[in-house]
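These are the residues of each chain, in order.
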Amino acid sequence: MGQAKARGPYAKTPARRTEIVRAARDSFAENGYAKASLRDIAERAGITHAGLLHHFRNKDELLAEVLAERDAEEWQQGLEAVDSLDQLTPYLGELIRHHQKAPELMRLWIELAAAAARPDHPAHAYFVERYARGRTQFAEGLDSEAARSRLREGVSPESAAVLFHAVLNGLQLQWVLDQDLDIVGPVTDFVRLLFDHDRADQ
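All figures in this text were calculated on a predicted structure; none of them were measured in a lab.

A. Just the layout of surface pockets, in detail. In this structure, the largest pocket occupies an estimated 890 Å³ of space. Lining the largest pocket are 34 residues, with G78, L88, Y91, F138 and F164 sitting closest to its centre. Of all the elements in the fold, those that place two or more residues in the lining of the largest pocket are α5 (59-81), α6 (88-100), α7 (103-115), α8 (124-140), α9 (145-150) and α10 (157-177). Tallying contributions element by element places α5 first for the lining of the largest pocket, with six residues. Looking at the lining of the largest pocket, its residues break down into 19 nonpolar, 10 polar and five charged. Looking at the second largest pocket, its volume works out to about 290 Å³. Looking at the lining of the second largest pocket, the elements with two or more residues in it are α5 and α7. The element that contributes the greatest number of residues to the lining of the second largest pocket is α5, accounting for five residues. Broken down by class, the residue content of the lining of the second largest pocket amounts to 10 nonpolar, two polar and four charged.

B. Spatial organisation of the pattern of salt bridges. What the rule picks out here adds up to 11 salt bridges. The shortest N-O distance in the salt bridge between D120 and R118 comes to 3.8 Å. Residue R118 is classed as partly exposed on the basis of its relative accessible area of 46%. A salt bridge links E129 to R133; its shortest N-O distance comes to 2.7 Å. Taken together, the positions of E129 and R133, both in helix α8 and four residues apart, correspond to about one turn of that helix. Look at the salt bridges and you will find they share partners, linking R25, E69 and E73 into a network.

C. Layout of the packing of aromatic side chains. Under the counting rule described, the total for this entry stands at five aromatic pairs. Note on W109 and F127: the rings are 5.6 Å apart at their centroids and 70° apart in plane angle, and the pair reads as edge-to-face. Separated by 18 residues along the polypeptide, W109 in helix α7 and F127 in helix α8 bring together distant segments of the chain. By the burial criterion, W109 is buried, and F127 matches it. Taken together, a centroid distance of 5.5 Å and an interplanar angle of 85° make the contact between Y126 and F127 edge-to-face. Under the relative-accessibility criterion, F127 is labelled buried at 5%. An aromatic cluster of three or more residues is present, and its members are W109, Y126, F127 and Y131. Geometry around Y33 places K59 over its ring, the cationic atom sitting 4.5 Å from the centre.

Parameters at a glance
Residues numbered from 1 in each chain as written. Predicted model: local features only at pLDDT ≥ 70, side-chain atom pairs only at ≥ 80, totals over all residues. Heavy atoms only, no water. 1 Å grid on protein atoms, 1.4 Å probe; cavity = no way out; pocket = protein on both sides within 12 Å on 5 of 7 lines; lining within 4 Å. Points joined across faces, edges and corners; volume = space filled by probe spheres on them. Helix = DSSP H or I, 4+ residues; strand = E, 2+ residues; numbered from the N terminus. Nonpolar A, V, L, I, M, F, W, Y, C, P; charged D, E, K, R; others polar. Salt bridge = Lys/Arg side-chain N within 4 Å of Asp/Glu carboxyl O. Buried < 20%, exposed > 50% of the residue type's maximum accessible area, 1.4 Å probe, protein only. Phe/Tyr/Trp six-rings, centres within 6.5 Å; stacked < 30°, edge-to-face > 60°. Lys NZ or Arg CZ within 6 Å of the ring centre and 35° of its normal.

The following block contains the structure:
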């Protein structure tokens, strides 16, 4: 029965790909990218090495899919958790602490994002689209009159969106280099700088 599941049309279902990606995520987090092997990932997913290669040609493809899945999960969580500016800071603190539980994945994300700066990199289009989507959604979240009244005077929603991603990603890079560094506090301070609470009370 086990071999039958690793072959044929069943092996190409989205559910099987999901199992492989989650197995890869666990392997990368535990072993690091360099030490993680496709055979270990296949074993965790309950399929053969050849079966895994039907879905992903190499570890690079798997890593990109692991990080894309993490992005999608966090995107949905953010939409559900944040429906006002007052909820933004607590959510960001929770998100950062969650990332810090898997520093290897955070490191891999940073490395892949940098490598994808090359136009010929397989993940280039994904990261371009990811950042564009993130900036657009953040700026659109400031479209309401109430949200705009909180934004510091002279800062546009579009500029705020660029700054938000730069600070969040930059702080996580600093933490990967020095894991004793507090980055939750600076994120909280940045949100205070970006949104002028005094203006909301006028």
